[in-house]
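Each chain, letter by letter, is given below.
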Amino acid sequence: MAQVEGVDAQGPYPCDTIFIAARDGEYDGVVTMYHDQGQIAMKLMGFDQGVTVQGGLPVPIATPAHGTAYGIVGQNKANLGPTQRAFDIAVQLGRRTQEQRVPAAV
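Residues numbered from 1 in each chain as written. Predicted model: local features only at pLDDT ≥ 70, side-chain atom pairs only at ≥ 80, totals over all residues. Heavy atoms only, no water.

Concerning the overall build of the chain
Here's step 1: The helix and strand tally for the chain stands at three helices and two strands.
Here's step 2: Seen in sequence order, the chain has helices and strands lined up from the N terminus as α-α-β-β-α.
Here's step 3: Each principal axis of the C-alpha atoms in the chain carries an extent, and together these give about 50 × 35 × 20 Å.
Here's step 4: Within the chain, the fraction of its 106 residues that count as buried is 17%.
Here's step 5: Both charge centroids of the chain, one from 7 positive and one from 10 negative side chains, sit 11 Å from each other. (Helix = DSSP H or I, 4+ residues; strand = E, 2+ residues; numbered from the N terminus. Buried < 20%, exposed > 50% of the residue type's maximum accessible area, 1.4 Å probe, protein only. Lys, Arg positive; Asp, Glu negative; His and termini not counted. Charge placed at Lys NZ, Arg CZ, Asp CG, Glu CD.)

Written out as structure tokens, the structure is:
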């Protein structure tokens, strides 16, 4: 379906090997069917860098791979980079969604 819409998509591939190829630069991203298929690999490859994006929802959802970090709450230890990246991605997706919904001004 993605290819019909002009997206350079390939697959399906097994989730135990596709992330290695993506890490090595063969792919820009990986789409998984289930959260845990992607989240575990994201945490192993970039615990404090990865962002998970959930698709097919009416609003954009992006979360940092490290989760909520309950173990360090209130200790001023959190790395805010992944949360900021997740926020930035969600904003970009929201803008694109809004642009698609609202016709351009004449």
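As for the layout of surface pockets
Where empty space is left in the structure can be found by rolling a water-sized probe over the atoms.
Here's step 1: Estimates place the volume of the largest pocket at around 2,000 Å³.
Here's step 2: Taken together, 50 residues line the largest pocket, and the ones lying closest to its centre are Gly29, Val30, Val31, Thr32 and Val53.
Here's step 3: Elements with a contribution of two residues or more to the lining of the largest pocket: α1 (15-23), α2 (35-46), β1 (51-54) and α3 (81-101).
Here's step 4: Considering only residue class, the lining of the largest pocket consists of 25 nonpolar, 18 polar and seven charged. (1 Å grid on protein atoms, 1.4 Å probe; cavity = no way out; pocket = protein on both sides within 12 Å on 5 of 7 lines; lining within 4 Å. Points joined across faces, edges and corners; volume = space filled by probe spheres on them. Nonpolar A, V, L, I, M, F, W, Y, C, P; charged D, E, K, R; others polar.)

Here we look at the packing of α1 against α2
Here's step 1: Where α1 contacts α2, the two axes come as close as 10 Å, and the packing angle between them is 45°. As judged from the angle between their axes, α1 and α2 are oblique. For the pair α1 and α2, the crossing hand works out as right-handed. Across the interface between the two elements, Cys15, Phe19 and Arg23 from α1 touch Gln37, Gly38, Ala41 and Met45 from α2.
Here's step 2: For the contact of α1 with α2, the per-class residue count stands at four nonpolar, two polar and one charged. (Axes fitted to C-alpha atoms, helices over the stretch in contact; angles between N-to-C directions. Parallel < 35°, antiparallel > 145°, perpendicular 65-115°, else oblique. Left-handed = near helix turned anticlockwise from the far one by under 90°. Contact = heavy atoms within 4.5 Å.)

Section: unusual backbone geometry
Here's step 1: Geometrically, the link from Gly11 to Pro12 is a cis peptide bond, its omega value of 15° lying close to zero.
Here's step 2: Within the secondary structure, Pro12 sits in the segment before α1.
Here's step 3: Residues other than glycine seldom take positive phi values, yet Asn76 does so here, at roughly 55°.
Here's step 4: Relative to the assigned elements, Asn76 resides in the loop between β2 (61-64) and α3.

Structural notes on the packing of aromatic side chains
What characterises a pair of aromatic rings is the spacing of the ring centres plus the angle enclosed by the ring planes.
Here's step 1: Here the structure, examined in full by the defined rule, presents one aromatic pair.
Here's step 2: Look at Tyr13 and Tyr27: their rings are 5.9 Å apart centre to centre, the planes differ by 45°, and that puts the pair in the tilted class. Here Tyr13, found in the segment before α1, pairs with Tyr27, found in the loop between α1 and α2; they are 14 residues apart in sequence, far enough to count as distant. (Phe/Tyr/Trp six-rings, centres within 6.5 Å; stacked < 30°, edge-to-face > 60°.)

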